[in-house]
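# Secondary and tertiary structure notes
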Amino acid sequence: MLILGIETSCDETAAAVVADGRRVLSSVVATQFELHAQYGGVVPEIAARRHLESILPVIQAALDRAGVSPQEIDGLAVTQGPGLIGALVIGMAVGKALALAWDKPLAGVHHLQAHILAAFLTDSPPEFPLVALVVSGGHTNLYQVHDFQRLDLLGRSRDDAAGEAFDKVAKLLRLGYPGGVIIERLAAQGNPATFHLPRPRIPEEPLTFSFSGLKTAVAHQVKNHPEVLTDPGVRADLAAGFQEAVVDCLVGRAWLALEETGCQRLVVCGGVAANGRLRQVLQDKAGAEGYELFLPPLSLCTDNGAMVAAAGYHRLRAGERLDMSADVFSRG
Amino acid sequence: MRILAWTSTSPAATRALAAALGRWMAPGDVLALKGELGSGKTEFVHGLAQGLEVDPAAGVASPSFTLIHEYPGRLPLVHIDLYRLESLPPEMLPDLEEYLSGDGVAAVEWAERLGALLPKDYLEIEILITGETTREFTMRGHGPRGEELAARLAREWL
């Protein structure tokens, strides 16, 4: 069964053809990174306009690279949310129009569920049940995943997403954008134990994330130790201390979720899952304690159409069809 | 113009003040939040949401990444965060204008970046970090509605 997946929730215009929810025949991603870099992040209206220009060529490229015609496609899948409304609307309109024109079934896909299903587009996919941590610039969500369709939210951030905290701390340290990559590089040269930074937790909600307090603590250190901004060694130490605190919070919550649910498998996905230090700590801990860890390849960690096609495949197979009057949603 | 000063000793105290304001909010009210990173602007919006009876399950969180979040409540709460935008791209202006003149309550972080888009009538809330958990609030009422809110704060809260 061949599914065409369409993804426009943020700043990547993406389409892919996936066979049976497993095999990626093509995956095309047109990034808008350059367009938004001057604003230090995505500007919704600018993203929507670029999606409109890119979406049809990207879909055509995905079909061409897979070597399939629209007639050979068995169904379409489109990201319904969460994401930027103006951006989502473009993919949704195109998905509906193509489904009608080609007379194919259409599935609406939850963006974060699609991120989790990226772990199934590999040679050794996990089994259910599992715990999934979706961690990116816009989300820090922990789920218990029962099967391809059902998942329960266990916790999320009450303030900044993890990737957002990286960007803000990079700005506090006058490092530029995107923060995640720059801080990781700098942190590799620093000593994470030099600065003592908090690991914020909310006692009554142990699986809820909070990164705002950590960001505030970094701001305090910059104020109390101005040499952070002039001495590269001290700055690297603070970057390392911050990264270590974020990694501790992410890994600690993920393990608490594994213990609470009794699951043996953990999927970590989303853009921040590209962080080398996070991957290393996860691999060490999973190896030492006998948990199965699944880290999708980097190309599937960031937004892409293949994960949307995979999620849509399971919805269509379960008999789900998106109502043609269905709308996109920004949060949830 | 009425200028009020208030000291918050904890995030919980900040939320309590914001929740009181949330209970008084009327359609079209605008709150302009100013203060450096980590001063507690998002914390303030948590309290505001509580006062506006936004469902806690809605999960109020920072909109720095997406710029605008909207939450249904007693009145819709529009949470705008201009942190990333040192200059406003023209493409953003129609959306911002619509939200700032809508029937909901708009809370704008880094409101100084609104420039000419800032309405005449609003309550300005400036937060200064003075210690690990203490914050110095300065609140100014602009326009008749802003003055009314400031007067009520002075009467019932300070």
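### Here's the deal with the interface of chain B and chain A
Taken together, the contact between chain B and chain A spans 33 residues of the former and 29 residues of the latter. Of the roughly 2,500 Å² buried between chain B and chain A, counting both surfaces, carbon and sulfur atoms make up 54%. If you look at where chain B meets chain A, you find 2 salt bridges. The partner of A:R158 in a salt bridge is B:E43, and the shortest N-O contact between them spans 3.2 Å. Connecting chain B to chain A are 10 residue pairs in polar contact (both at pLDDT 80 or more). Elements with a minimum of two residues in the side of chain B that touches chain A: α2 (41-51) and β3 (68-71) of chain B. Of the residues forming the side of chain B that touches chain A, the biggest block, 3 residues, is contributed by α2(B). For the side of chain B that touches chain A, the class distribution of residues is 13 nonpolar, 10 polar and 10 charged.

### Some remarks on the nonpolar core
Residue and element names in this part refer to chain A. L173, F211, V218, F242, L250, W255 and V268 are the most contacted members of the largest nonpolar core, which has 78 residues in total. Top contributing element to this core by residue count: helix α8 (residues 232-261), with 16 residues. Two domains each provide a minimum of three residues to this core, namely domain 1 (2-117 + 301-317) and domain 2 (126-295).

### Observations concerning the packing of helix α2 (residues 44-66) of chain A against helix α3 (residues 85-102) of chain A
All names here are of chain A. In contact at an axis separation of 9 Å, α2 and α3 are set at 40° when each is read in the N-to-C sense. As far as their axial angle goes, α3 and α2 are oblique. For the pair α2 and α3, the crossing hand works out as right-handed. Touching A48, H51, L52, I55, L56, I59 and L63 of α2 are G86, A87, I90, V94, L98 and W102, all from α3. Looking at the contact of α2 with α3 residue by residue, the classes come out as 11 nonpolar, 2 polar and no charged.

### Observations regarding the domain arrangement of chain A
Residues and elements named next belong to chain A. You can read the domains of chain A as domain 1 (2-117 + 301-317) and domain 2 (126-295). Between the C-alpha centres of domain 1 and domain 2 the distance comes to 28 Å. On the domain 2 side, the residues contacting the 15 residues of domain 1 number 19 residues. A combined buried area of about 1,400 Å² lies between domain 1 and domain 2, and 73% of that area is made up of carbon and sulfur atoms. The largest share of the area that domain 1 buries against domain 2 comes from L112, I116 and C301, three residues that together contribute 41% of it. Counting across the domain 1 and domain 2 interface gives 0 salt bridges. Residue assignment for the side of domain 1 that touches domain 2 shows that the elements contributing at least two residues are α1 (33-37), α4 (111-117) and α11 (305-317). Per element, the largest residue contribution to the side of domain 1 that touches domain 2 is 5 residues, and it comes from α4.

### Considerations on the pattern of salt bridges
Counting across every chain of the model gives 22 salt bridges over all chains. For A:R150, the salt bridge is made with A:D147, and the minimal N-O distance between the two is 3.1 Å. Salt-bridge contacts for B:R140 lead to B:E124; the nearest nitrogen and oxygen are separated by 2.8 Å. Of this pair, B:R140 sits in strand β7 (residues 135-142) while B:E124 sits in strand β6 (residues 122-129), and the two are 16 residues apart along the sequence. Among the charged side chains, a salt-bridge network with shared partners connects A:R158, A:D159, B:R15 and B:E43.

### Re the side chain of A:E164
Within the element layout of this structure, A:E164 appears in helix α5 (residues 162-172). A distance of 2.3 Å separates a polar atom in the side chain of A:E164 from a polar atom in the side chain of B:S62. Setting aside residues up to four positions removed in sequence, A:E164 forms contacts with A:S136, A:G137, B:S62, B:S64 and B:F65.

The rules behind each value
One numbering rule holds for all chains: residues counted from 1, following each sequence as written. The lettering of chains begins at A and the numbering of ligands begins at 1, in the order of writing. Residues qualify for local features only when their pLDDT is at least 70, as the model is predicted, and side-chain atom pairs are given and counted only at 80 or more; totals for whole chains, interfaces and linings, by contrast, use all residues. With hydrogens and water stripped out, all remaining heavy atoms of the structure feed into the side-chain values. Here a residue-residue contact requires only that any non-hydrogen atoms of the pair lie within 4.5 Å. Buried area is calculated as the accessible area (1.4 Å probe) missing from two parts once they are joined, with the contributions of both summed. Only one rule defines a salt bridge in this text: a Lys or Arg side-chain nitrogen within 4 Å of an Asp or Glu carboxyl oxygen. Polar contact is defined as a pair of N or O atoms within 3.5 Å, subject to the rule that within protein one atom must be able to donate a hydrogen and the other to accept it, and that residues adjacent in sequence are counted only when both atoms are side-chain atoms. Numbering goes from the N terminus for both helices and strands, where a helix is a DSSP run of H or I of at least four residues and a strand is a run of E of at least two. Residues are grouped as follows: Ala, Val, Leu, Ile, Met, Phe, Trp, Tyr, Cys and Pro are nonpolar; Asp, Glu, Lys and Arg are charged; every other residue, Gly included, is polar. Here, nonpolar core refers to any group of buried Ala, Val, Leu, Ile, Met, Phe, Trp, Tyr and Cys residues whose side-chain atoms link them within 4.5 Å. The cut-offs for exposure are 20% and 50% of the maximum accessible area for each residue type, with area from a 1.4 Å probe on protein chains only; residues under the lower value are buried, those over the upper are exposed, and the others partly exposed. Domain start and stop points were drawn from an automatic or database domain assignment. What counts as an axis is a line fitted to C-alpha atoms, over the stretch in contact for a helix, and the angles between N-to-C directions run from 0 to 180 degrees. Put simply, angles under 35 degrees are roughly parallel, angles over 145 are roughly antiparallel, angles from 65 to 115 are roughly perpendicular, and the rest are oblique. By convention, the crossing between two helices is left-handed when the near helix turns anticlockwise from the far helix through less than a right angle, and right-handed when the turn is clockwise.

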